Every structure is written in structure tokens, then in C-alpha cells.
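Architecture and fold: a report
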Amino acid sequence: MTIEELAIYLKIAKSTLYKLAQEGKVPGKKVGKHWRFNRQAIDDWISVSSGKARSNNEPTP
């Protein structure tokens, strides 16, 4: 996926996605001047990120 396609898929601004990619916070590779993303890697990243968010909000026994 291109950065444009991924921005639409994630429903976020391209500028936000560029920042996340440059900081290594979203799985992707830079090929020359262009970022490329694997949809399965993105889906896995979302699943892991969602799990972390839920576990941080759970009350401690």
C-alpha cells in the first residue's frame, strides 16, 4: 500500500502517517523516496496496539 492508500484505510491525515512512519511507530518500508506498507502487517499492528490500549485501561486487582 502507498501512504495515500494507507491514510484512507486508517482514516488519518497523510501528514500524521508520515510522522508515524518516520518515527517507526507504524510498520512500513521506505523504497527510494516512497513509503510502502503491507496490509497484513498493518492489521497485525492495529490488533497489537488495540490489545495494549485495553490492557492499560483494565483495573488492577
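Refer to the preceding data block for the structure.
Residues numbered from 1 in each chain as written. Predicted model: local features only at pLDDT ≥ 70, side-chain atom pairs only at ≥ 80, totals over all residues. Heavy atoms only, no water.

1. Brief notes about the packing of aromatic side chains
In the structure shown here, the tally under the stated rule is 1 aromatic pair. Centre to centre, the rings of Trp35 and Phe37 are 6.2 Å apart; their planes meet at 15°, and the pair counts as stacked. Each member of the pair, Trp35 together with Phe37, is buried. Looking at Arg39, its charged tip hangs above the ring of Tyr9, at a distance of 4.7 Å from the centre. (Phe/Tyr/Trp six-rings, centres within 6.5 Å; stacked < 30°, edge-to-face > 60°. Buried < 20%, exposed > 50% of the residue type's maximum accessible area, 1.4 Å probe, protein only. Lys NZ or Arg CZ within 6 Å of the ring centre and 35° of its normal.)

2. A few points about the nonpolar core
Nonpolar side chains tend to gather and get buried jointly when the protein is soluble and globular. Listed in full, the 10 residues of the largest apolar core are Met1, Ile3, Leu6, Ala7, Leu17, Ala21, Val26, Trp35, Phe37 and Ile42. Setting aside residues up to four positions removed in sequence, Leu17 forms contacts with Ile3, Leu6, Ala7, Leu10, Ile12 and Val26. (Core = buried A, V, L, I, M, F, W, Y, C linked by side-chain atoms within 4.5 Å. Contact = heavy atoms within 4.5 Å.)

3. Quick look at the packing of helix α1 (residues 3-10) against helix α2 (residues 14-22)
The axes of two packed helices give the description: the angle between them and the distance between them. Running from amino to carboxyl end, α1 crosses α2 at an angle of 110°, the nearest separation of the two axes being 9 Å. The angle between the axes of α1 and α2 places the two elements in the roughly perpendicular class. Between α1, through Ile3, Glu4, Leu6, Ala7 and Leu10, and α2, the contact on the second element is made entirely by Lys14, Leu17 and Tyr18. Grouping the amino acids of the contact of α1 with α2 by side-chain chemistry returns 6 nonpolar, no polar and 2 charged. (Axes fitted to C-alpha atoms, helices over the stretch in contact; angles between N-to-C directions. Helix = DSSP H or I, 4+ residues; strand = E, 2+ residues; numbered from the N terminus. Parallel < 35°, antiparallel > 145°, perpendicular 65-115°, else oblique. Nonpolar A, V, L, I, M, F, W, Y, C, P; charged D, E, K, R; others polar.)

4. Quick word on unusual backbone geometry
Although it is not a glycine, Lys11 adopts a positive phi angle of roughly 60°. What makes Lys11 exposed here is its relative accessible area of 75%.

5. Remarks on the environment of Asp44
Among the secondary structure elements, Asp44 is positioned in helix α3 (residues 39-57). Judged by relative accessible area, Asp44 falls into the partly exposed class, the value being 41%. Expressed as a C-alpha distance, the spacing of Asp44 and Pro27, which sit 17 residues apart in the sequence, is 9.6 Å.

6. Here we look at the pattern of salt bridges
As enumerated under the stated definition, the model contains 2 salt bridges in all. For Lys14, the salt bridge goes to Glu4, with nearest N and O atoms at 3.9 Å. Of this pair, Lys14 sits in helix α2 while Glu4 sits in helix α1, and the two are 10 residues apart along the sequence. Relative accessible area serves as the criterion here: at 38%, Glu4 is assigned to the partly exposed category. The closest approach of N and O atoms between Glu23 and Lys25, which form a salt bridge, is 3.2 Å. (Salt bridge = Lys/Arg side-chain N within 4 Å of Asp/Glu carboxyl O.)

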